[in-house]
Amino acid sequence: APPVPWLINSGAADAIAAESPFMADYYRRAGIPGDQVRLTGALYDDVLHRGLEHAPQSREELFRELGLPPGRPMILCAMPPNQLVGAGRPQCAYQDYRLVLEAFAGPLEALADEWNVVVNLHPRITADEAAVLDGRRLRVSRRNIADLVPLSRIFVASSSATIRLAVTCGIP
């Protein structure tokens, strides 16, 4: 068993890479030995920095690519993956994953008169599941999420590791 079984990063690794001083401190406070934690940064930080530097031009290129009006602010939504597999989640209000996607899409679509709404699909979302988004007043981009986040004014996500990308960019 790992030394601290309730920690996802506990184990016999020689080193655990921490992308920020905050995360390095978090790992240490959680019980991972300090000599095992190495502050490394993260490659996505470089992608985000480059994205912020070129955001105005890149955003307009994305809008042209997706057929969206130029000059509008952008809302980006990272659609959550299907977490209802297996026995499902009885505590969840939705027992059908397509309804989860519709629940995300509806309120976003309502903003499409003033905002360009772009949705990024989790890699586990199948084409069949994503079909529920077809014909809506939002656009699906298959670009890397780290390339899209710096272009947005608002980022919408649920229980996603991608939230840290928006925090890094100062995007609510």
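This one's a predicted model, so the numbers in the text were calculated from it and none came from an experiment.

S.K.: What am I meant to see in the pairing of strand β3 (residues 74-78) here?
M.R.: Within a regular strand, side chains alternate between the sheet's two faces. Taken across its five residues, β3 has five buried, putting it largely inside the fold. Where burial is concerned, the two faces of β3 agree: the one with Met74, Leu76 and Ala78 and the one with Ile75 and Cys77 are both buried. Of the pairings in the sheet, the one linking β3 to strand β4 (residues 116-120) comprises five bridges and is parallel in character. Following the sheet pairing, Ile75 is matched in β4 by Val117. Sheet topology places β3 next to strand β6 (residues 154-156); three bridges connect them, and they run parallel.

S.K.: Would you mind showing me how to read the pairing of β4 here?
M.R.: For β4, the tally of buried residues reaches five of five residues, placing the bulk of the element in the interior. In β4, alternate side chains face the same way, and those of Asn116, Val118 and Asn120 on one face and Val117 and Val119 on the other are all buried. Summarising the sheet, β4 and strand β5 (residues 139-141) pair through three bridges and their orientation is parallel. Paired with Val118 across the bridge in β5 is Arg139.

S.K.: It is not clear to me how the environment of Phe63 should be interpreted in this structure. Could you clarify?
M.R.: Turning to its location among the elements, Phe63 is positioned in helix α3 (residues 55-66). Classification of Phe63 as buried rests on a relative accessible area of 1%. Once you skip the residues sitting within four places of it in the chain, Phe63 turns out to touch Leu68, Pro69, Pro70, Gly71, Arg72, Met74 and Asn116.

Here is what the cut-offs are and how they apply
- Residues numbered from 1 in each chain as written.
- Predicted model: local features only at pLDDT ≥ 70, side-chain atom pairs only at ≥ 80, totals over all residues.
- Heavy atoms only, no water.
- Buried < 20%, exposed > 50% of the residue type's maximum accessible area, 1.4 Å probe, protein only.
- Helix = DSSP H or I, 4+ residues; strand = E, 2+ residues; numbered from the N terminus.
- Pairing = 2+ DSSP bridges.
- Contact = heavy atoms within 4.5 Å.

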